[in-house]
Amino acid sequence: MKHLTAHPCFLLFLLPALLLAACARNTEPVSRQGFYFDTVIRITLYDTDEPELLDHCFALAEKYENLLSKTKEGSDVWKLNHADGAPVELQEDTLRLLRTALSYAELTGGRIDPTVGSVSRLWNFTDPEAAVLPEPSLLTEALTHVDYRRITIDGSRAALNDPDAELDLGFIAKGYIADRIKDYLVSQGVTSALINLGGNVLAVGGKPDGSPFKVGIQKPFSADGSTACVLSVTDLSVVSSGNYERYFMKDGKIYHHILDTKTGYPVRNNLSEVTVLCRSSTDGDALSTACFILGAEKGMALIESLPDTEALFLTAEGEILRSDGLKTIYD
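Residues numbered from 1 in each chain as written. Predicted model: local features only at pLDDT ≥ 70, side-chain atom pairs only at ≥ 80, totals over all residues. Heavy atoms only, no water.

Participant: So, the overall build of the chain: which residues are in play, and what are the values?
Facilitator: Broken down by element type, the chain carries nine helices and 16 strands. Out of the 331 residues in the chain, the part that is buried amounts to 55%. When the accessible surface of the chain is totalled, it reaches about 14,500 Å², and 49% of it is carbon and sulfur. (Helix = DSSP H or I, 4+ residues; strand = E, 2+ residues; numbered from the N terminus. Buried < 20%, exposed > 50% of the residue type's maximum accessible area, 1.4 Å probe, protein only. Areas by Shrake-Rupley, 256 points an atom, 1.4 Å probe, with all protein chains shown as cover.)

Participant: I'd love a proper account of the nonpolar core, names of residues and values included.
Facilitator: Membership of the largest hydrophobic core comes to 67 residues, with the highest contact counts inside it found for L169, L185 and I195. Ranked by residue count, the leading element in this core is helix α1 (residues 51-68), at nine residues. Setting aside residues up to four positions removed in sequence, L185 forms contacts with L45, L53, C57, V190, A193 and I195. By size, the runner-up hydrophobic cluster in this structure holds 17 residues, among which are Y46, L231, L277 and L314. (Core = buried A, V, L, I, M, F, W, Y, C linked by side-chain atoms within 4.5 Å. Contact = heavy atoms within 4.5 Å.)

Participant: Break down the side chain of S120 for me, citing the residues and quoting the values.
Facilitator: Tracing the backbone through its elements, the reader meets S120 in helix α4 (residues 117-120). Within the structure, S120 has its side chain in polar contact with the backbone oxygen of G117 (distance 3.4 Å). Apart from residues no more than four positions distant in its own chain, S120 is found in contact with K70, D168 and L259. (Polar contact = N/O pair within 3.5 Å; in protein donor to acceptor, adjacent residues only side chain to side chain.)

Participant: Run through unusual backbone geometry, naming residues and quoting values.
Facilitator: Phi at D84 takes a positive value of approximately 55°, unusual for a residue other than glycine. Within the fold, D84 resides in the loop between α2 (76-81) and β4 (88-89). A relative accessible area of 64% places D84 in the exposed class.

Participant: Give me the lowdown on the sheet that holds strand β14 (residues 271-278), citing residues and values where you can.
Facilitator: The strand order across the open sheet formed by eight strands is β2-β3-β7-β8-β11-β14-β15-β16, and the pairing between neighbours is antiparallel. Across the chains shown, the open sheet's two edge strands, defined by having one partner strand only, are β2 (30-36) and β16 (320-322). Each strand of the sheet is rotated relative to its neighbour by a mean of 15°, with strand direction disregarded. Where strand β8 (residues 200-204) and strand β11 (residues 237-242) come together, two bridges link them in antiparallel fashion. Opposite V201, over in β11, you have V238 as the bridge partner. In this fold α1 packs onto β2 and β3 (39-45), with an angle of close to 15° to the strand it touches most, β2. (Pairing = 2+ DSSP bridges. Axes fitted to C-alpha atoms, helices over the stretch in contact; angles between N-to-C directions.)

Participant: Would you mind going over the pattern of salt bridges in detail, with residue names and values included?
Facilitator: Note on pairing: side chains with opposite charge can pair once their charged atoms come close. Taken as a whole, this structure holds 10 salt bridges when the rule is applied. Notably, a salt bridge pairs K63 with D93, separated by 3.9 Å at the nearest N-O pair. Taken together, the residues span a long stretch of sequence, with K63 in helix α1 and D93 in helix α3 (residues 92-107) at a distance of 30 residues. On the basis of relative accessible area, K63 is assigned to the partly exposed category, the value being 38%. Taking the relative accessible area as the measure of exposure, D93 reaches 15% and is therefore buried. (Salt bridge = Lys/Arg side-chain N within 4 Å of Asp/Glu carboxyl O.)

Rendered as structure tokens:
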């Protein structure tokens, strides 16, 4: 991507998963955090002191959680998963996101699949102390219901043609929500803001003085919260997916939340993390997961095939692999 600027720099302050740094300015930024999508989110405005804008941002977060969460009773996703295969009337945002999710399933040959819910519900990554391995027979049966081609969309209605299939948009939903919050802020004249949805970071413009924001990429499993690298970004999304985000240990082995749609088990390759930089947080969310699942070689080939998209791949040994548009910065 020819328009990205990213370089190592000093990190001024840290946040979990993706670590943010902001510069000093004459007036204090307005910031708020809350708990949505099973994670802490923070939105910071740098060129306005109007708290009502944050009120609306968090109202949007609640709206989309109630619309897209598979665990929220009454959400569009919940309705689809409990319709026994019957068509369900969906809101336009859900249809828009579902179509995008299906396009990425097609792009990756089903390596990411929005019907992975029948498998993901067998795993518990929210409470590591209580986590147990699913019975292999249950995983085998659940995998028979993972097939994105069984989703049909007809106008404003969608259906899971397999009544035992389950929709799970977790690999793309936070990115979509970040984009919608940005759309709102831009519509209100905001030109400098950071949206951090649990590690999905979306920069609205740059800092008020015209310099870029600094986004630090966490070193996986780092006990002291240190960074692997720091990027300078303006009006870009930075999304990371890795095996350190949600996981549990069993018999000395890590079991993480990024599942292989071929086996039902967490993906096992030589990667610890993938970070994608692009304009759309929706795309960045889907691509970071897709590239982690595909592995370094195929994942990097996918990134290089896409316009205005760059990525960093962190291997288990700590090596940083960079797409062509970032190599000149790090080499």
